[in-house]
Each structure stands twice: as C-alpha cells, then as structure tokens.
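The lines below spell out each chain.
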Amino acid sequence: MKILVAVKRVVDASVKIRPKADGTGVDLANLKMSINPFDEIAVEQAVRLKEQGIATEIIAVSCGTLSSQETLRTALAIGADRAVLIESDDGLQPLAVAKLLKALIDKEQPSLVILGKQAIDDDCNQTGQMLAALASMPQATFASKIQISGDCASVTREVDGGLETLNMRLPAVITSDLRLNEPRYVTLPNIMKAKKKPIEILTPDALSVDITTRIKTLKVSNPPQRSAGIKVPDVATLVAKLKNEAKVI
C-alpha cells in the first residue's frame, strides 16, 4: 500500500502573529516556521501503518515555496520514504491545493491519502473534502482512530453527538484530528538521514493545474481587545448586569 501525506509549512503554534501595517496579510518576517500540527499527526499515522506492515511506501507532499523543503525534511525524519514539493510562490488557496494533490494522486496512485483536518494559519478545513470530491474518493474527516483491513478502512471520527464509525473502501481520503495519535519525537540520527532522502520538485504547470486565485483578502487586522472583567458581589447583581448592560437575557 502506498500512502500520500500532505503537509504544510505554517507559523509555529507558539508564535504570536501580527498583521502587516498596511493590512494586506500577516507579517512573516523572522518568524519561526514549522510543520502544521495536524499534518504532523497525519505523517505519524502513516508511519505507524507502515510499522504495522500495512503500508509499503509513504510519500510526503507539500505545496508552496522552496522553503517548504524544510517541512518536508521534518516529515522525512518522522518516517516518510520520499517527498514531493509542488513549488509555487503564489498564495495557494484550498481549492488550488486540492487540484494539485489530485494531479499528484493521478501520478502516484496511492491507496490512501491522509491530511491534517485543517491548517492552523487559515483554519479553512476545506482541502481534504475538496480533494475527495475532485478525486471521486470516499472520505472520512476528523479521524480519531484508523483501522485498515485489506482494501477497507474503518475510521472513528468525532462528531457533535459523540463518536461515529465509518467503513469505506480504499483508495480513500482521511483527515486527522488531534486525538488520532501523539507524534513521536524526531531524533537527531533520523534528521541526518532525512537530509539524504530525495525531494522531487514539480510545478503547477508541469501538472497542468490552474491555481488562479478565486478569493481576495480585503484586509487583515487584529481582533478587538476584550475589556477587563469585573467581579460582582452576588447572583442578583450578575443577572442585572447581563440583562441591562450586556442585554443577553
């Protein structure tokens, strides 16, 4: 079984971001970048499937600038066998990424595609669903448990009412949730080995994919600051403030 795992280079989760002065986007100058946490979980799951003898090859893919090679090296250090970078300096939106991944699926013919459920920079939660639709594959989102048996996959996913289990035939698209697994610590020897693993570089033109931007960002700004909280002496005062000042009751 060949598994394709998509990873994205994002601002590290511990970094406080700030918008550009002109409001055209986020200021990325001198910020620490890392692999999207949900994508790291996806890579870990693929590696575990390989360790179980279910998968034979893991391909990590990223869409973005040449700097994304650093993110792919992280995926290789976790355990991916090879990597593909679809290079583009344009700001790729979810539909464009889904189209690029669809073209790569046609080329590589994987039995399973695993993505993070969303990226922490835009929180779109769209790419996996769009990819499944474009590739005409069954999908399971927000996976908290994955079991593979032959050409079938059983996926437990978190829904508002609790847990839901989906059974589907492979090939399929699965997006990983936070509780799917705990990614392993990447050791120095594996980091050194990852530097020797191949990274294939492709372009949207080589894949015959149109990545034209369809959504325009008008302005990026900080959310309004929350006012300071206050303490009230009793429940009656609290109810009065909620009714008269906040007007929520």
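Residues numbered from 1 in each chain as written. Predicted model: local features only at pLDDT ≥ 70, side-chain atom pairs only at ≥ 80, totals over all residues. Heavy atoms only, no water.

In the nomenclature of an unreviewed UniProt entry, the protein chain corresponds to Electron transfer flavoprotein subunit beta from the organism Pseudomonas fluorescens. In its Cofactor (unreviewed entry) section, UniProt records this for the protein chain: "AMP". What UniProt records for the protein chain under Sequence similarities (unreviewed entry) is the sentence "Belongs to the ETF beta-subunit/FixA family." (UniProt positions renumbered as here; feature names shortened; annotations may be inferred.)

(A) Highlighting the nonpolar core. Counting 37 residues, the largest nonpolar core has I3, V5, L112 and I174 as the members making the most contacts within it. Among the elements that take part in this core, helix 1 (residues 37–51) stands out by supplying six residues, more than any other. When neighbours within four sequence positions are excluded, L112 is seen to be in contact with M1, K2, I3, L4, L49, I148, L170, A172 and I174. Core analysis: the second largest hydrophobic core is formed by 27 residues, V61, I86, A135 and V209 among them. (Core = buried A, V, L, I, M, F, W, Y, C linked by side-chain atoms within 4.5 Å. Buried < 20%, exposed > 50% of the residue type's maximum accessible area, 1.4 Å probe, protein only. Helix = DSSP H or I, 4+ residues; strand = E, 2+ residues; numbered from the N terminus. Contact = heavy atoms within 4.5 Å.)

(B) Looking closely at unusual backbone geometry. P171 follows L170 through a cis peptide bond whose omega is 5°. The topology assignment puts P171 in the loop between strand 9 (162–169) and strand 10 (172–176). One non-glycine residue with positive phi stands out, namely D123, at about 55°. By secondary structure assignment, the location of D123 is in the loop between strand 6 (112–116) and helix 4 (127–135).

(C) Structural context of the pattern of salt bridges. Evaluation of the coordinates by the stated rule reveals 19 salt bridges. Residue R184 pairs with E51 through a salt bridge whose shortest N-O separation is 2.8 Å. You can see R184 sitting in the loop between strand 10 and helix 5 (188–194) and its partner E51 sitting in helix 1, a full 133 residues away along the chain. On the basis of relative accessibility, which here comes to 54%, the residue E51 falls in the exposed class. (Salt bridge = Lys/Arg side-chain N within 4 Å of Asp/Glu carboxyl O.)

(D) Molecular detail of the sheet that holds strand 7 (residues 139–149). Overall, mixed pairing links the nine strands, which are arranged 9-8-7-10-6-1-4-5-11 in an open sheet. A strand with exactly one partner marks an edge of an open sheet, and here the two such strands are strand 9 and strand 11 (199–202). Sheet twist, expressed as the average angle between the axes of neighbouring strands with direction ignored, equals 30°. Of the strand pairs in this sheet, strand 1 (residues 2–6) and strand 4 (residues 57–64) are connected by five bridges, and their pairing is parallel. Residue pairing across strands places K2 opposite E57, the latter belonging to strand 4. On top of the sheet, helix 1 reaches strand 1, strand 4, strand 6, strand 7 and strand 10; it is set at about 150° to strand 6, its chief contact. (Pairing = 2+ DSSP bridges. Axes fitted to C-alpha atoms, helices over the stretch in contact; angles between N-to-C directions.)

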